[in-house]
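Close look at the chain arrangement
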Amino acid sequence: DDGDHVPALVIGSGYGGAVAALRLTQAGIATAVVEMGMAWTTAGADGKVFCDMLDPDHRSYWLRTRTDQPVGYFLGIDANKSISRYTGVLDSEKFAGIRVYQGRGVGGGSLVNGGMAVVPQRDYFAQILPSVDVTSMYDTYFPRANAALGVNAIDTAWFETAACYRYARVSRDQAKASGYRTTFLNNVYDFGYMRQEQAGTVTRSALASEVIYGNNFGKRSLDKTYLAAAAATGRLTISAQHVVTAVAPASPAGYTVTMNQIDTAGRTVAVKTVRADRVFFAAGSVGTSKLLVAMRAQGQLPNLPAAVGQGWGNNGNVMVARAQHLWNTTGALESGMPAMGIDNWSDPAGPVFAEIAPFPAGTELWISLYLAITKNPNRAQFAYDVTTGSVGLSWQTAQNQPAVTAAKRLFDTINRAQATVYRSDLFGVNKVWGDDFTYHPLGGCVLDQATDNYGRLPGYPGLYVVDGSLIPGSTGVNPFVTITALAERNLEKILTTDVS
Ligand code: FDA
């Protein structure tokens, strides 16, 4: 509430924020989490909390009057539709050269994502974060993160027979026949539940075209794992629909945090100021970077280092689809949770880790869709614009060319070997590559550059960064396990040395 004083305040409830919330409350510290999105616990008129991909409604997008689907076209025709403006669960945040998709709500990205829980390759992790001890990450923090996230592996025999993974088997067989290696992907979606969905004994979620706008069943999102465990300590409060707008030093100590309470139309209904001894920035790569860059420019946190706002990347994301031959059906029923990837990361000429993505349209479309993660070296910066009072991101669409080139090399080879072609009707008119959006924003407040080696902001004791902004633009795989494990490592250090 307005005027409150809290020992610890966490801005955002995604992976970094959920780890901070659990470890702080377990250490006996009363913790307040402030989240701009909604608490997704109440069913709508249709009896469901979330809408599906086939019929998105007001619950789908964050304050938009039209959907902005990642795969936004079909046969070259705009497939988006009008919706009413509401604090929906998926934000498509538009910058000059890229749209950045992010989850909004208690649980952050865990509400909307595909649940793929992938540990990065050890030598690549050592390259991207050279100041971090690799042995303790792989022996302690990655296993700790996987356990607390509820990661599970698919039954590989079931995978071979399940109708809902026909699309993945078709892509796998063609990748193998073209000389590439494939790998199963762990997930936080309960594969046991999915088996029952396939058997027809439970209400369908992953098998009912649910993903990106939330899952009504089956998914172990953060509200069911880390945040539920933090709440069980009795020391956690979560304020949903509160947008943090400012953080500044308080006198004699601590920080004042200013926030707008909003309604479901996004209108401010109250402005509150809270004092906190410690503030954990967990608003995500974009949210944390934007806040800190604005606070430095506006003079609330003037001594933040120049590296704050630098080193942002899109994890080399690029999407692409192939058209299958008529005899190679991908199936009318596709699980929304990917379970397999093409792993060509060790190819020095163009590392690619491509998740075999679903196209869950509910009907046979002969489409093989992929989200490729590449080693794109390009980076961008956040900068404050005094005239608009907002923070922009310098990324240009052309900076994604190295990602397109690497993905093209791999999928050209598969197309040649299989005598197939690209779909050019799904990302625009005559557009093969989905190169103007990302699901994986990373960086902007890089570990050991913008912060110390544990996420502490220099010059401001008690301010910490704990989310994806610490990771320098790339992890080589889907990022949430890396974000979670790094937060586990940093929180352990902070709790033993700063908070005792
Ligand atoms: P995250 O974005 O999760 O959380 C930040 C939170 O802070 C949000 O809830 C936001 O609303 C809140 N916030 C922001 N600004 C605020 C402010 N000023 N005040 C208050 N609150 C504020 N990754 C993966 O590993 N496997 C996968 O399968 C997928 N799939 C996938 C699909 C889709 C559609 C998307 C959009 C993303 C993925 N991802 C993914 C990416 C993954 O979800 C992402 O990397 C993490 O959620 C990032 O975790 P963070 O903790 O950094 O921020």
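Description of the structure in this document. It should be emphasised that the depicted structure is a prediction, and the values quoted were computed from it without experimental measurement.

What about the nonpolar core?
Counting 95 residues, the largest nonpolar core has Leu9, Phe280 and Phe281 as the members making the most contacts within it. With 9 residues, helix α10 (residues 480–497) is the largest single contributor of residues to this core. Beyond its immediate sequence surroundings of up to four residues, Leu9 is in contact with Ala32, Val34, Val257, Met259, Val274, Ala276, Arg278, Val279 and Phe280. Among the nonpolar cores identified, the runner-up in size contains 64 residues, and Ile83, Ala175, Ile212 and Leu371 belong to it.

Description of the site of the ligand
Residues in contact with the ligand amount to 35 residues; listed here are only the nearest, Glu35, Gly109, Met116, Gly468 and Phe480. Here Tyr15 contributes a backbone N or O atom positioned 3.0 Å from an oxygen atom of the ligand. Of all the elements in the fold, those that place two or more residues in the shell around the ligand are α1 (15–26), β6 (99–103), β9 (242–249) and α10. A class-by-class count of the residues in the shell around the ligand yields 16 nonpolar, 16 polar and 3 charged.

Here's the deal with the sheet that holds strand β14 (residues 352–357)
Across the sheet, which stays open at both edges, the 6 strands sit in the order β7-β13-β14-β15-β12-β18 with antiparallel pairing between neighbours. What marks the edges here is a single partner per strand, and that holds for β7 (182–184) and β18 (421–422). Both strand β12 (residues 318–323) and β18 contribute to a ladder of 2 bridges, which runs antiparallel. Opposite Arg322, over in β18, you have Tyr422 as the bridge partner. Together, β7, β12, β13 (340–344), β14 and β15 (367–374) form the strand contacts of helix α5 (residues 166–177), whose direction differs from that of β14 by roughly 145°. Lying over the sheet, helix α9 (residues 401–418) contacts β12, β13, β14, β15 and β18, oriented at roughly 15° with respect to β12.

Let's talk about the packing of helix α3 (residues 134–149) against α10
One way to put it is that α3 packs onto α10 with a least axis distance of 8 Å and a crossing angle of 115°. Classed by the angle they form, the pair α3 and α10 counts as roughly perpendicular. As for the relative orientation of α3 and α10, their crossing is right-handed in sense. Together, Met137, Tyr141, Phe142, Arg144, Ala145, Asn146 and Leu149 of α3 and Phe480, Val481, Thr482, Thr484, Ala485, Leu486, Glu488, Arg489 and Glu492 of α10 make up the contact between the two elements. Looking at the contact of α3 with α10, its residues break down into 9 nonpolar, 3 polar and 4 charged.

Quick word on the packing of aromatic side chains
Summed over the entire model, instances satisfying the criterion amount to 22 aromatic pairs. Taking 5.9 Å as the distance between ring centres and 85° as the angle between the ring planes, the aromatic pair formed by Tyr101 and Phe437 counts as edge-to-face. Residue Tyr101 is located in strand β6, and its partner Phe437 is located in strand β19 (residues 437–438); the two are separated by 336 residues in the primary sequence. Take Phe437: its relative accessible area is 2%, and that puts it in the buried class. With a centroid separation of 4.7 Å and 15° between ring planes, the pair formed by Phe280 and Tyr464 is classed as stacked. In this pair, Phe280 is assigned in strand β11 (residues 268–281) and Tyr464 in strand β20 (residues 463–465), connecting sequence segments 184 residues apart. Neither Phe280 nor Tyr464 differs from the other in exposure class; each is buried. One aromatic cluster is present, formed by Trp158, Phe159, Tyr165, Tyr167 and Phe184 through successive ring pairs.

Quick notes on the packing of α1 against α10
For any two helices packed against each other, one specifies the inter-axial angle together with the distance between the axes. It is the contact of α1 with α10, at a shortest axis distance of 9 Å, that shows an interaxial angle of 35°. By crossing handedness, the relation of α1 to α10 is classed as right-handed. Across the interface between the two elements, Tyr15, Gly16, Val19, Ala20, Arg23 and Leu24 from α1 touch Phe480, Ile483, Thr484, Ala487, Glu488, Leu491 and Leu495 from α10. The class makeup of the residues in the contact of α1 with α10 is 9 nonpolar, 2 polar and 2 charged.

Considerations on the pattern of salt bridges
Between side chains of opposite charge, pairing is possible as soon as their charged atoms come close. Evaluation of the coordinates by the stated rule reveals 24 salt bridges. For Arg181, the salt bridge identified is with Asp343, shortest N-O distance 2.7 Å. Placement of Arg181 in the loop between α5 and β7 and of Asp343 in strand β13 is noted, with a sequence separation of 162 residues between them. Note that Asp498 is salt-bridged to Arg456, the shortest N-O span being 2.9 Å. Of this pair, Asp498 sits in the segment after α10 while Arg456 sits in the loop between β19 and β20, and the two are 42 residues apart along the sequence.

Quick look at α10
Taking 1.5 Å of rise per residue, the 18 residues of α10 would be expected to cover 26 Å, and the 26 Å separating its terminal C-alpha atoms lies within 8% of that figure. Of all 18 residues that make up α10, 14 are buried, and the element is covered over most of its length.

Quick word on the side chain of Asp467
Considering the arrangement of structural elements, one finds Asp467 in the loop between β20 and α10. At 9.8 Å, Arg104 is the nearest oppositely charged side chain to Asp467, a buried residue that forms no salt bridge. A polar atom in the side chain of Asp467 sits 2.6 Å from the side chain of Thr288. Of note is the side chain of Asp467, whose polar atom sits 2.5 Å from the side chain of Ser469.

The rules behind these values
Residues numbered from 1 in each chain as written. Predicted model: local features only at pLDDT ≥ 70, side-chain atom pairs only at ≥ 80, totals over all residues. Heavy atoms only, no water. Core = buried A, V, L, I, M, F, W, Y, C linked by side-chain atoms within 4.5 Å. Buried < 20%, exposed > 50% of the residue type's maximum accessible area, 1.4 Å probe, protein only. Helix = DSSP H or I, 4+ residues; strand = E, 2+ residues; numbered from the N terminus. Contact = heavy atoms within 4.5 Å. Near = heavy atom within 4 Å. Polar contact = N/O pair within 3.5 Å; in protein donor to acceptor, adjacent residues only side chain to side chain. Nonpolar A, V, L, I, M, F, W, Y, C, P; charged D, E, K, R; others polar. Pairing = 2+ DSSP bridges. Axes fitted to C-alpha atoms, helices over the stretch in contact; angles between N-to-C directions. Parallel < 35°, antiparallel > 145°, perpendicular 65-115°, else oblique. Left-handed = near helix turned anticlockwise from the far one by under 90°. Phe/Tyr/Trp six-rings, centres within 6.5 Å; stacked < 30°, edge-to-face > 60°. Salt bridge = Lys/Arg side-chain N within 4 Å of Asp/Glu carboxyl O. Expected span 1.5 Å × (residues − 1). Lys, Arg positive; Asp, Glu negative; His and termini not counted.

Coordinates in, geometry out; function isn't part of it.
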